[in-house]
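Summary of the model geometry
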Amino acid sequence: MRIKKKEYRASILIRGIKIVDNDSEPIIETRPTYVYEYLLMGNSLFDDGIQIKWIDEELPTEPIEQGYRKNVCQYDHFGNKIEYQGDANNKPVTIGKKKYYQCTREWRFWIK
């Protein structure tokens, strides 16, 4: 009997990066086109692709805030958006012309 390993896939949306260089002050870049340019640094996504090197070193930590994802609605167990019913405990998210419940998962993180 062969046991199948569980496989997971994760993805993230990068809305900003902090560029730290020993010779200058840190730069915080939030414009998507510039974030893309910094990550690629003129390299192609094809051919050899981009190379990112993980450097394991202690860096000072910064306080992180956590909250709800912006403009993401709540879904029921069947994958349908839950329409907003005027509940005071939850804010609505407007998508198109309809209002839905805001997703309550705190999957958004940012530096204070």
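Residues numbered from 1 in each chain as written. Predicted model: local features only at pLDDT ≥ 70, side-chain atom pairs only at ≥ 80, totals over all residues. Heavy atoms only, no water.

Details of the overall build of the protein chain
What counts, and what does not: Runs of H or I in DSSP of at least four residues are treated as helices and runs of E of at least two as strands, each being numbered from the N terminus. Burial classification: accessible surface area is computed with a 1.4 Å probe over protein chains only, and a residue below 20% of its type maximum counts as buried, one above 50% as exposed, and the rest as partly exposed. Residues are treated as being in contact if the distance between any of their heavy atoms lies within 4.5 Å.
Helix and strand counts for the protein chain stand at one helix and six strands. For the protein chain, the α and β elements follow one another from N to C terminus as β-β-α-β-β-β-β. Burial status across the protein chain gives 12% buried among its 112 residues. Here the contacts in the protein chain between residues at least 6 apart in sequence split such that 42% fall between residues at least 24 apart.

A word on unusual backbone geometry
Peptide bonds are mostly trans, and most non-glycine residues show a negative phi. For Asn71, which is not a glycine, the phi torsion comes out positive at approximately 55°. For Asn71, a relative accessible area of 62% gives the class exposed.

Things to note about the pairing of strand β5 (residues 98–101)
For a regular strand, the rule is simple: side chains alternate between the two faces of the sheet. Note the threshold: Here, any two strands with at least 2 DSSP bridges between them count as paired.
Where strand β4 (residues 92–95) lies against β5, four bridges are found, and the strand directions are antiparallel. Across the sheet, residue Val93 finds its bridge partner in β5, namely Tyr100. In textbook terms, the turn of a hairpin is the stretch between consecutive antiparallel strands, and for β4 and β5 this stretch comprises two residues, one of which, Gly96, has a positive phi near 70°.

As for a nonpolar patch on the surface
The test is simple: Every patch collects residues that have over 30% relative accessible area and no salt bridge, joining them within 9 Å if they carry like charges and within 5 Å if they are nonpolar side chains (Val, Leu, Ile, Met, Phe, Trp, Tyr). Methods summary: accessible areas were calculated by the Shrake-Rupley approach with a probe of 1.4 Å, and residue burial reflects only the protein chains presented. One side-chain nitrogen of Lys or Arg within 4 Å of one carboxyl oxygen of Asp or Glu is enough to make a salt bridge.
A surface patch of nonpolar side chains, amounting to about 260 Å² of accessible area, comprises Ile27, Tyr34 and Tyr38. Mapped onto the secondary structure, Ile27 falls in strand β2 (residues 27–29).

Thoughts on the environment of Thr30
Tracing the sequence through the fold places Thr30 in the loop between β2 and α1 (32–40). By relative accessible area, Thr30 is classed as exposed at 53%. When the C-alpha atoms of Thr30 and Gly16 are compared, they prove to be 4.1 Å apart, with 14 residues separating the residues in sequence. Those residues in contact with Thr30, other than ones at most four positions away along the chain, are Arg15, Gly16 and Val35.

Points about the side chain of Asn90
Let me state the cut-off plainly: Polar contacts here mean pairs of N or O atoms no more than 3.5 Å apart (in protein, one a potential hydrogen donor and the other a potential acceptor; neighbouring residues in sequence count only if both atoms are side-chain atoms).
With respect to the helices and strands, Asn90 occurs in the loop between β3 (64–67) and β4. Within polar-contact distance, the side chain of Asn90 engages the backbone nitrogen of Gln102 at 3.2 Å. The contact partners of Asn90, leaving out residues within four places of it in the chain, are Tyr84, Tyr101, Gln102 and Thr104.

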